[in-house]
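# Structure assessment
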Amino acid sequence: MAMPLEGNAIHHGGRRTVAIGVAVAAAVFTAGLLWAKWLPYAGKAATAHRTHHWAGSSVLAVGGVRAGDRPTWHAAATFFHAYVSSIWPALVAALLISASVQALIPRPWLPRALNRRGLVSSALAGGAAGMPSMMCTCCAAPVAVTLRRNGITPAAAVAYWLGNPLLNPAVLVFLFFVAPWQWTLTRLLVGVATVLGVAAAVGLVSRAPGAGPRPPRAVPAAGDGAGIGGPRGFVRALLWLGLFLLPEYAVLVLLVGALRGWLLTLAQPAHHGLLWALLLVVVVAIAGTLMVIPTAGEIPILQGLALLGASSGTIGALLITLPAVSVPGAAMIARSFGWRAVATATAAVTAAGLLGAAVLSLL
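Identification of the chain as Permease from Mycobacterium scrofulaceum is taken from an unreviewed UniProt entry.

Written out as structure tokens, the structure is:
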């Protein structure tokens, strides 16, 4: 008669462990985003509403870098310092959230919540899940990697990754208060189309034979297979994220910072005919896709370009491509998604930049 009681005790103990883990993960998620995103952005939104002015400066111009400047260590180091100073709270929150998901959330839960039968429905679920965290693609990358490691489909995971910056409700509010209404409408319409379209394209490519790696087993695997690793699993997950993702991230941010003078050159207004203008928009869309900026960093960049007389096509393209993908972000997710999926996402975001250019020009 003791066996059923012992079995019930083990069962209830397991449920209690799961409940504690989920509660801790929810607390990390809420506290981290309150500190890194929600409260700071609420203050910025109130200031933007009151002044109709964006107080931040362009991260591309820090250190006195101007259009046409050649790559230098000074350009790389000043950009790295400015960028990391801006995003480090979000990056810390992202790493803690990612480790919490890996170690404390039962492994079947997230696939049940985000994986859908259709590519578009999976993209909708992933994009909607990314909106509350409001991160740039580099800060969202550790969470996207964790989603793949926990069995989330490529479509839903990439929609989460791109939904963070492109569908960021705070940035939409900022744009509405400090920029022409056409910018906000273009970002919203083309942003939704980009998240859904890119996710669907990545989902199709990932279904092809040999398209990419199968999602590896989560690092902090528990003995019962539930995905509850406890404090030790949390530490292991955090160390894995830090050791495998952050070094290449730092190197690539330095590289992008060194090359930013060339992007400024590309964005300069030119008067060489329609064909040249169209070619310039294509080149700017590609450059914007590869560039890395902090959340809402596109606002002062685009405002500065507008004052210099940049075309609506240039602004529309960068409005979509600057916040999405980036070289460091793509490198961080490549191992989990596969290079074919990352290349597809990069090409699709560049094409979406051209769509943004066309929409803003028409508006």
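Once the structure has been displayed, the description carries forward.
Each helix and strand in the chain was counted, giving 15 helices and zero strands. A burial count over the chain gives 51% of its 363 residues as buried. Of all intrachain contacts in the chain linking residues separated by at least 6 positions in sequence, the fraction that spans at least 24 positions is 86%.

To continue, consider the packing of helix α2 (residues 73-104) against helix α9 (residues 230-258). For the pair α2 and α9, interaxial distance at closest approach is 9 Å and the crossing angle is 160°. One way to sum up the angle between α2 and α9 is to call them roughly antiparallel. As α2 runs across α9, the sense of the crossing is right-handed. Classifying every residue of the contact of α2 with α9 by side-chain character gives 24 nonpolar, six polar and no charged.

Turning our attention to unusual backbone geometry. Across residues other than glycine, the phi torsion is negative in most instances, and most of the peptide bonds are trans. You will see that M134, though not glycine, has its phi angle at about 55°, which is positive. Tracing the chain through its elements places M134 in the loop between α4 (119-130) and α5 (137-149). Judged by relative accessible area, M134 falls into the buried class, the value being 7%. A positive phi is found at S326, a non-glycine position, where the angle reads about 75°. As for its position among the elements, S326 is in the loop between α13 (312-321) and α14 (327-337).

What follows covers the packing of α2 against α5. Contact pair α2 / α5: the axes reach a minimum separation of 7 Å and the direction vectors enclose 15°. Considering the angle they form, α2 stands roughly parallel to α5. Classified by chirality, the crossing of α5 by α2 is right-handed. Here α2 contributes Y83, I87, A90, L91, A94, L95, S98, V101 and Q102 to the contact with α5, which in turn contributes C138, C139, P142, V143, T146 and R149.

Next up on the list: the environment of M134. For the pair M134 and Y41, spaced 93 residues apart in the sequence, the C-alpha separation amounts to 9.7 Å. For M134, the residues in contact, after removing those within four places along its chain, are K37, W38, Y41, N164, N168, P169, A170 and T295.

Here we take up the environment of C138. Checked against the element boundaries, C138 lands in helix α5. Look at C138 and you get buried, because its relative accessible area is 0%.

The next subject is the pattern of salt bridges. Summed over all chains, the structure comprises two salt bridges. For the salt bridge of R187 with E298, the shortest nitrogen-to-oxygen distance reads 2.8 Å. Pair noted here: R187 is in helix α8 (residues 181-207) and E298 is in helix α12 (residues 298-307), with a separation of 111 residues, a long-range link. Put simply, E248 and R335 hold a salt bridge, and the shortest N to O gap is 3.4 Å. Here the residue E248 occupies a position in helix α9, and R335 occupies one in helix α14, the gap between them amounting to 87 residues.

Ranked by size, the top nonpolar core spans 96 residues in total, and within it Y83, W161 and L162 carry the most contacts. The element contributing the most residues to this core is α2, with ten residues. Ignoring anything within four residues of it in the chain, the contact list for Y83 reads V59, C136, C138, Y249, V253, V292, I293 and P294.

On the surface, L279, V282, V283, I286, L290 and L354 cluster together to form a nonpolar patch covering roughly 430 Å² of accessible area. Summarising the element assignment, V283 is placed in helix α11 (residues 274-290).

With that settled, the discussion passes to α14. Counting buried residues along α14, nine of its eleven residues qualify, which places the element largely inside the surrounding structure. Here α14 has its buried residues at P328, G329, A330, A331, M332, I333, A334, S336 and F337. At the N-terminal end of α14, a side-chain oxygen is found 3.1 Å from the backbone nitrogen of G329, two or three residues along, and the residue is S326. Among the residues trailing α14, G338 stands out with phi positive, at a value near 95°.

The rules behind the values
- Residues numbered from 1 in each chain as written.
- Predicted model: local features only at pLDDT ≥ 70, side-chain atom pairs only at ≥ 80, totals over all residues.
- Heavy atoms only, no water.
- Helix = DSSP H or I, 4+ residues; strand = E, 2+ residues; numbered from the N terminus.
- Buried < 20%, exposed > 50% of the residue type's maximum accessible area, 1.4 Å probe, protein only.
- Contact = heavy atoms within 4.5 Å.
- Axes fitted to C-alpha atoms, helices over the stretch in contact; angles between N-to-C directions.
- Parallel < 35°, antiparallel > 145°, perpendicular 65-115°, else oblique.
- Left-handed = near helix turned anticlockwise from the far one by under 90°.
- Nonpolar A, V, L, I, M, F, W, Y, C, P; charged D, E, K, R; others polar.
- Salt bridge = Lys/Arg side-chain N within 4 Å of Asp/Glu carboxyl O.
- Core = buried A, V, L, I, M, F, W, Y, C linked by side-chain atoms within 4.5 Å.
- Patch = residues over 30% accessible without salt bridge, like charges linked within 9 Å, V, L, I, M, F, W, Y side chains within 5 Å.
- Areas by Shrake-Rupley, 256 points an atom, 1.4 Å probe, with all protein chains shown as cover.
- Polar contact = N/O pair within 3.5 Å; in protein donor to acceptor, adjacent residues only side chain to side chain.

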